[in-house]
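Residues per chain, in single letters:
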Amino acid sequence: MNVDLKLLKNLIGKRSDEIEKSVAGTGYIAKTVIGVGTFLLDNEGDIDLMTAKQKVIFEKFLLPLLDVARR
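Residues numbered from 1 in each chain as written. Predicted model: local features only at pLDDT ≥ 70, side-chain atom pairs only at ≥ 80, totals over all residues. Heavy atoms only, no water.

(A) Molecular detail of the pattern of salt bridges. Taken as a whole and judged by the stated rule, the model has one salt bridge. Ionic pairing is found between Glu18 and Arg15, a salt bridge with its closest N-O pair at 2.9 Å. Its relative accessible area of 28% is what places Glu18 among the partly exposed residues. (Salt bridge = Lys/Arg side-chain N within 4 Å of Asp/Glu carboxyl O. Buried < 20%, exposed > 50% of the residue type's maximum accessible area, 1.4 Å probe, protein only.)

(B) Up close: the nonpolar core. Residues Phe58 and Leu62 are the most contacted members of the largest nonpolar core, which totals 20 residues. Among the elements of the structure, α1 (5-14), α2 (16-23), α3 (30-42) and α4 (52-70) are those that each provide at least two residues to this core. Of the residues forming this core, the biggest block, seven residues, is contributed by α4. Residues in contact with Leu62, not counting those within four places in the same chain, are Leu8, Leu11, Ile19, Val33, Val36, Gly37 and Ile57. (Core = buried A, V, L, I, M, F, W, Y, C linked by side-chain atoms within 4.5 Å. Helix = DSSP H or I, 4+ residues; strand = E, 2+ residues; numbered from the N terminus. Contact = heavy atoms within 4.5 Å.)

(C) Main features of the environment of Val3. Looking at the element boundaries, Val3 is found in the segment before α1. A residue is classified by how much of its surface remains accessible, and Val3, at 12% relative accessible area, is buried. Taking the C-alpha atoms as reference points, Val3 and Phe61, separated by 58 residues in sequence, lie 14 Å from one another. Among residues more than four places away in sequence, those in contact with Val3 are Leu8, Leu40, Gly45, Ile47, Phe58 and Leu66.

(D) Region of the structure containing the packing of α2 against α3. It is at 9 Å that the axes of α2 and α3 come closest, and there the two elements cross at 125 degrees. Considered as vectors, α2 and α3 are oriented oblique to each other. Remark: the crossing between α2 and α3 carries right-handed chirality. Only Ala30, Val33 and Ile34 of α3 make contact with α2, whose side of the interface consists of Ser16, Ile19, Glu20 and Val23. Here the contact of α2 with α3 is composed, by residue class, of five nonpolar, one polar and one charged. (Axes fitted to C-alpha atoms, helices over the stretch in contact; angles between N-to-C directions. Parallel < 35°, antiparallel > 145°, perpendicular 65-115°, else oblique. Left-handed = near helix turned anticlockwise from the far one by under 90°. Nonpolar A, V, L, I, M, F, W, Y, C, P; charged D, E, K, R; others polar.)

(E) Seen up close, the packing of aromatic side chains. Taken as a whole, this structure holds one aromatic pair when the rule is applied. Ring centres of Tyr28 and Phe61 lie 5.0 Å apart, and the angle between their planes is 70 degrees; on these two criteria the pair is classed as edge-to-face. Taken as a pair, Tyr28 in the loop between α2 and α3 and Phe61 in helix α4 lie far apart in primary sequence, 33 residues in all. Classification of Tyr28 as partly exposed rests on a relative accessible area of 31%. (Phe/Tyr/Trp six-rings, centres within 6.5 Å; stacked < 30°, edge-to-face > 60°.)

Next up, the structure:
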């Protein structure tokens, strides 16, 4: 899977309020989700470097928001 780094950077930098809304009431912390996104940016979107927990967070919160941005 290829991550659109431009969309991810925009999501983390300018749309963090959407991340906060998506984690509300889930027990996850927005900073954690943003941290996973930052990790991906720092590693050029290489998902293989992520831990299992990071992948869950990415798939649960970031991926749906990135899919919405692509449309």
